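Below are the chains, spelled out letter by letter.
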Amino acid sequence: AFLGIVDIITRPAADSPRARVRLTEGANGLQERVLSLRQQFGAAAARLTVSQQRDHGLDPIDDDHRHQRLDARVDWPPNADDSLELHLGLVDTLAETGTGEATDPQRHTDSFANFAQVRWRRQLGGDDELKLTYFHQEERFDDPGFLLSPYLGIPGTSVSGDLHGRVLRDDLEAEHLMHLGEGGRLVWGAGLRRDRVSSARVFATDDDVVQRQSRLFANFEQHWRPWWTFNAGAMLEDTNTSGPRLSPRLAVNAHLSEQTTARIAWSRGYRNLTPFERRADIRYTEA
């Protein structure tokens, strides 16, 4: 987040209904099927959700769409201080595309994504917490593409425009929440990330384009009387493409009433270039 901290909290498996079914029917072949089951295994709770969405698109365009999803989560507290969360899922999307023209024929495209996340938490007392998270994600895309014929006006030639690609991300992060006296708390941690992207069409090579990142971050918050909250934080980030960079942030909050807060903040941030921005080399060769 550029101006603050984003903490996304998902629903634990134990808070889900024992069983849930949703069926939807609509115009243009719109269908949705959702089935979710929750089961308790001693202290562990597990949830499995499968769903499918499909539609026929808009006439007269051939743009049928089918979207399948599986999501599973297991929460297990081995003791009073520790908890282990396993979350995994996959999404597969098949679609019809193309206008039927010679340069954009009707065809099937397939995009697939899967992820797995393991998170361990330990309560240290006094609401302090230690958290370790590992995340893996993979995305693939296949488009048989098109043929440009004739190429550059030369009879008997054609150019293939098929597009295939894969993206892999591995991320490891440790985070420590500490309460420092009355009204103060500190969150700090470190992380490592590796992204691998491959697409012979986009990068003109069969080798992976690799981007590595290491980061060290901290954010301090102090409440002073009922009216003031002060924040100070920074992230030191180092990548194999840009080198080390520091992103600091300071903020002061004046709580004028229960519904009104005045805020002034200063920050500096950097955006890492994507592999496409750094290494794109799209070439079309004669088929």
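Note that the structure is predicted; figures quoted are calculated from it, not measured.

## A look at the overall build of the protein
At step 1: Each helix and strand counted, the protein has two helices and 15 strands in total.
At step 2: The globule rule puts the C-alpha radius of gyration for 287 residues at 19 Å, and the 25 Å found for the protein is more than 25% above it.
At step 3: Principal-axis analysis of the C-alpha atoms places the extent of the protein at approximately 80 × 50 × 40 Å.
At step 4: For the protein, buried positions account for 28% of its 287 residues.
At step 5: Sequence separation of at least 24 residues holds for 47% of the intrachain contacts in the protein that already meet a minimum separation of 6.

## Comments concerning the layout of surface pockets
Taking a probe equal in size to a water molecule and rolling it over the atoms shows the remaining empty space.
At step 1: Taken as a whole, the second largest pocket encloses approximately 210 Å³ of empty space.
At step 2: Taken together, 16 residues form the lining of the second largest pocket, with Gly-165, Val-167, Val-197, Ser-199 and Val-202 sitting closest to its centre.
At step 3: When contributions to the lining of the second largest pocket are tallied by element, the ones reaching two or more residues are strand E7 (128-143), strand E10 (163-179), strand E11 (184-198), helix H1 (200-203) and helix H2 (275-279).
At step 4: The element that contributes the greatest number of residues to the lining of the second largest pocket is E10, accounting for five residues.
At step 5: For the lining of the second largest pocket, the class distribution of residues is eight nonpolar, five polar and three charged.

## Considering the side chain of Thr-239
At step 1: By the element assignment, Thr-239 lies in strand E13 (residues 228-239).
At step 2: Of the polar contacts made by the side chain of Thr-239, one reaches the side chain of Ser-242; its length is 2.6 Å.
At step 3: The residues contacting Thr-239, other than those within four sequence positions of it, are Arg-212, Gln-213 and Asn-272.

## Some words on the environment of Val-91
At step 1: In this fold, Val-91 is placed in strand E5 (residues 82-97).
At step 2: Sequence separation between Val-91 and Arg-69 is 22 residues; the distance between their C-alpha atoms is 4.5 Å.
At step 3: Every residue in contact with Val-91, bar those within four places of it in the chain, is listed here: His-67, Gln-68, Arg-69, Ser-111, Phe-112 and Ala-113.

## Observations concerning the side chain of Glu-237
At step 1: The residue Glu-237 is located in strand E13 in this model.
At step 2: At 2.4 Å, the side chain of Glu-237 forms a polar contact with the side chain of Gln-213.
At step 3: Other than its neighbours up to four places away in sequence, Glu-237 contacts Gln-213, Ser-214, Arg-215, Gly-243, Pro-244, Arg-245 and Asn-272.

So, how was this worked out
All chains use their own residue numbering, which begins from 1 and follows the written sequence. The predicted nature of this model means local features are confined to residues of pLDDT at least 70 and side-chain atom pairs, given and counted, to a pLDDT of 80 or more, with totals for whole chains, interfaces and linings taken over all residues. The side-chain quantities take in all heavy atoms of the structure and omit both hydrogens and water. Helix and strand labels come from DSSP, where a helix needs a run of H or I of at least four residues and a strand needs a run of E of at least two; each type is numbered from the N terminus. Throughout, radius of gyration means the C-alpha value; the globule benchmark is 2.2 Å times the number of residues raised to the power 0.38. Categorising residues by exposure relies on relative accessible area from a 1.4 Å probe, with only protein chains included: less than 20% of the type maximum marks a residue as buried, more than 50% marks it as exposed, and the intermediate range marks it as partly exposed. Contacts: residue pairs with any heavy atoms within 4.5 Å of one another. In this analysis a 1.4 Å probe is tested at points of a 1 Å grid over the protein atoms alone, and where it fits but cannot get out there is a cavity; an open set with protein on both sides within 12 Å along at least five of seven lines is a pocket; lining residues have an atom within 4 Å of a point. Grid points are joined across faces, edges and corners, and a volume is the space filled by probe spheres set on the points. When residues are sorted by character, Ala, Val, Leu, Ile, Met, Phe, Trp, Tyr, Cys and Pro go into the nonpolar class, Asp, Glu, Lys and Arg into the charged class, and all the rest, Gly among them, into the polar class. Whenever two N or O atoms come within 3.5 Å, that pair is a polar contact, provided that in protein one can donate a hydrogen and the other can accept it, and provided that, for residues adjacent in sequence, both atoms are side-chain atoms.

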